Amino acid sequence: MTDSMHSTILRRMTGGRANDEAAETPQTSSRALRLALTKAANDTVGLVLTVTSTAEDVQQLDEMLDGLDQQLMLIGLNRADRLVGLMAVDMQLRAAVMEMQTVGQLLSAPAEDRAPTGTDKMICDPVLKKFLTALPEAMTGTRLQGWTDDALLGERVNSARAAGLILEDDAYRTLRLNVDLGVADRQGQVLIALPLLPEPGLTPTVKEEKPDWTTLFPAAVQAAPAELDALLHQFDMPIAQARSLQVGQVIPLLGCSVNSVRLLASDGKHVVTAKLGQLGGKRAVRIEAPPLPQMGELPNAPSGAVDNTLGLVPAPAVTEPEIAVTPQEDLIRSPDLALPDEGAADVGAEEELGLDGGAMAPMEIDALSDESM
């Protein structure tokens with residue numbers, strides 16, 4: 001017998017062959033999942049189970065959620081306090097964990113299907129947390145290394161529809177573990193769904209979007225807060241009168257109405273005119289159209305002046321007729337009467353009236369009687 005044969009026999013006797021085969025057997029993700037779930041169930045509640053099969057699938061979010069049974073208890077998986085995935089447990093495995101914690105052994109009859117409750121989640125938390133915590137180390141060196149890193153067990157999710165409203169629309173890797181509970185052919189199932197890891201060496205490209213300032217800037221300005229002061233009336237009051245004001249005293253606001261409210265900006269500039277009213281039992285103002293311009297007399301305009309602004313020429317002034325009292329002696333004086341010079345001092349009254357000269361006959365004088373007038 002040669003030396004090589006002796007070494008082989010000794011290695012078999014000391015178990016060296018088994019150690020060599022174990023060292024040569026690579027760790028797979030399926031084997032890592034089996035060992036992690038089996039150890040978690042046994043260490044926490046003393047449940048002995050066997051993982052019979054594992055199934056892996058990659059699906060989009062909607063397709064993954066459509067494949068979930070309504071009787072599954074859905075629990076969120078969080079990263080940085082944000083929902084990123086799901087863990088699901090069927091009714092048989094939930095009942096097995098509950099039976100081990102309450103009775104201490106599994107019942108021979110399968111559990112009846114029912115909707116999951118918050119109590120189910122609380123009872124299954126120790127097993128699921130132990131299983132999830134062991135996965136990162138168990139998957140080291142496998143193709144799923146890093147897939148479950150930093151994932152923490154969160155709150156129960158009411159339905160797959162509710163999860164679809166929160167989860168990102170992305171590709172998800174789903175792992176299903178079918179387990180044998182070892183009693184009355186009872187079978188259970190655990191499911192893990194998390195987003196795919198980016199392929200190594202590939203850096204996701206982020207498209208840099210240039211801000212559209214033509215849209216963003218007006219939107220930001222329009223959304224800026226603006227304060228307006230509603231001024232109903234403003235008047236001067238002596239200090240003595242202001243000091244004598246008392247509660248319940250009525251102060252007349254001359255020239256003020258509900259239509260005379262002015263909205264002022266923070267710098268005191270007039271913005272718009274409003275009307276005072278009520279809305280929902282509170283004081284309110286309604287924006288009113290500006291009043292039409294009123295035409296009036298120009299200040300300090302001379303009479304007969306032309307308004308070049310409006311292009312209007314004022315009408316000529318209408319004067320009232322004047323009635324003057326005329327002396328009677330002017331009525332009998334003829335327009336063609338030639339009076340003597342003022343220097344003729346010796347002329348009598350008759351010559352002054354022209355009676356001596358024959359310029360006006362006595363009949364003409366008589367014609368100016370009361371009847372003719």
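Residues numbered from 1 in each chain as written. Predicted model: local features only at pLDDT ≥ 70, side-chain atom pairs only at ≥ 80, totals over all residues. Heavy atoms only, no water.

For the rest of this paragraph, the subject is the overall build of the chain. Across its full length, the chain holds 12 helices and 10 strands. Counting only residues that meet the buried cut, the chain has 24% of its 373 residues in that class. Contacts in the chain between residues at least 24 apart in sequence constitute 62% of all its contacts with a sequence separation of at least 6. A total accessible area of about 27,600 Å² is found for the chain, and carbon and sulfur atoms account for 54% of it. (Helix = DSSP H or I, 4+ residues; strand = E, 2+ residues; numbered from the N terminus. Buried < 20%, exposed > 50% of the residue type's maximum accessible area, 1.4 Å probe, protein only. Contact = heavy atoms within 4.5 Å. Areas by Shrake-Rupley, 256 points an atom, 1.4 Å probe, with all protein chains shown as cover.)

In space, the six strands of this open sheet follow the order 1-5-6-3-2-4, with antiparallel pairing throughout. Single-partner strands in this sheet number two, and they are strand 1 (50-60) and strand 4 (152-157). Across the sheet, the mean angle separating the axes of adjacent strands is 25 degrees when strand polarity is ignored. Across four bridges, strand 2 (residues 73-79) lies against strand 4 in antiparallel orientation. (Pairing = 2+ DSSP bridges. Axes fitted to C-alpha atoms, helices over the stretch in contact; angles between N-to-C directions.)

Time to look at helix 5 (residues 91-102). Across its 12 residues, helix 5 extends 16 Å between first and last C-alpha, which sits within 8% of the 16 Å expected from 1.5 Å per residue. Among the 12 residues in helix 5, nine count as buried, and that is most of the element. Of the residues making up helix 5, those classed as buried are Met91, Gln92, Leu93, Arg94, Ala95, Ala96, Val97, Glu99 and Met100. A positive backbone phi angle near 95 degrees is found at glycine 104, which sits one or two residues after helix 5. (Expected span 1.5 Å × (residues − 1).)

In total, this model carries zero aromatic pairs according to the counting rule given. Over the aromatic face of tryptophan 147 sits the side chain of arginine 173, whose NZ or CZ is 5.9 Å from the ring centroid. (Phe/Tyr/Trp six-rings, centres within 6.5 Å; stacked < 30°, edge-to-face > 60°. Lys NZ or Arg CZ within 6 Å of the ring centre and 35° of its normal.)

Extensive coverage of strand 6 (residues 187-195) is indicated by the burial of seven of its nine residues. Across four bridges, strand 3 (residues 82-89) lies against strand 6 in antiparallel orientation. Looking at the pairing, alanine 88 lines up with leucine 191 of strand 6. Relative to strand 6, strand 5 (residues 171-180) runs antiparallel, the two being bridged by nine bridges. Within strand 6, the position partnered with leucine 175 by the bridge is isoleucine 192. Here strand 5 folds back onto strand 6 in antiparallel fashion, the turn holding six residues, of which glycine 182 has a positive phi close to 80 degrees.

This paragraph deals with the sheet that holds strand 9 (residues 270-279). In space, the four strands of this open sheet follow the order 7-8-9-10, with antiparallel pairing throughout. Both outer strands of the open sheet, strand 7 (229-231) and strand 10 (282-287), are each paired with one neighbouring strand and no more. Mean inter-strand twist for the sheet, computed between neighbouring axes without regard to direction, equals 45 degrees. Two strands pair when backbone bridges link them, and strand 7 and strand 8 (residues 261-264) are joined in this way by three bridges, in the antiparallel orientation. Bridge pairing links aspartate 229 to leucine 264 in strand 8.

To continue, consider the confidence of the model for the chain. Of the residues in the chain, 69% reach a pLDDT of 70 or more, and the chain-wide mean stands at 76. A low-confidence stretch, residues 16-24 (pLDDT under 50), is modelled with four contacts involving residues beyond four sequence positions or located in other chains. (pLDDT = per-residue confidence, 0-100.)

Below, the discussion takes up the pattern of salt bridges. Proximity of charged atoms lets side chains of opposite charge pair with each other. The final tally for this structure, using the stated rule, is nine salt bridges. Salt-bridge contacts for arginine 286 lead to glutamate 288; the nearest nitrogen and oxygen are separated by 3.2 Å. One salt-bridge network, held together by shared partners, links Glu56, Arg143 and Arg173. (Salt bridge = Lys/Arg side-chain N within 4 Å of Asp/Glu carboxyl O.)

When two helices pack together, their arrangement is given by the angle between the helix axes and by the axis-to-axis distance. Put simply, helix 3 (residues 29-45) and helix 6 (residues 118-138) touch, their axes get as near as 8 Å, and they point 145 degrees apart. The two elements helix 3 and helix 6 cross, and the hand of that crossing is right-handed. Between helix 3, through Ala32, Leu33, Ala36, Leu37, Ala40, Ala41, Asp43, Thr44 and Val45, and helix 6, the contact on the second element is made entirely by Pro126, Val127, Lys130, Phe131, Ala134, Leu135 and Ala138. Looking at the contact of helix 3 with helix 6 residue by residue, the classes come out as 13 nonpolar, one polar and two charged. (Left-handed = near helix turned anticlockwise from the far one by under 90°. Nonpolar A, V, L, I, M, F, W, Y, C, P; charged D, E, K, R; others polar.)

Not every positive phi belongs to a glycine, and alanine 80 is a case in point at roughly 55 degrees. Following the sequence through the fold, alanine 80 ends up in the loop between strand 2 and strand 3. A residue is classified by how much of its surface remains accessible, and alanine 80, at 78% relative accessible area, is exposed. The phi dihedral of aspartate 81 falls on the positive side, at around 60 degrees, and the residue is not glycine.

On to helix 3. End to end, helix 3 covers 24 Å across 17 residues, agreeing with the expected 24 Å (1.5 Å per residue, within 8%). Turning to helix 3, its buried residues number three or more, namely Ser29, Ala32, Leu33, Ala36, Leu37, Ala40, Ala41 and Val45. Projection of helix 3 onto a plane perpendicular to its axis shows the buried side chains occupying an angular sector of 150 degrees, all on one side. (Arc of directions from axis to C-beta.)

What follows covers the packing of helix 5 against helix 6. Two elements in contact, helix 5 and helix 6, have axes whose closest approach is 9 Å; the angle formed by their N-to-C orientations is 85 degrees. In this view, helix 5 runs roughly perpendicular relative to helix 6, as classed from their interaxial angle. Residues Arg94, Val97, Met98 and Gln101 of helix 5 form the contact with helix 6, whose participating residues are Asp120, Ile123, Cys124, Pro126 and Val127. Considered class by class, the residues forming the contact of helix 5 with helix 6 number six nonpolar, one polar and two charged. (Parallel < 35°, antiparallel > 145°, perpendicular 65-115°, else oblique.)

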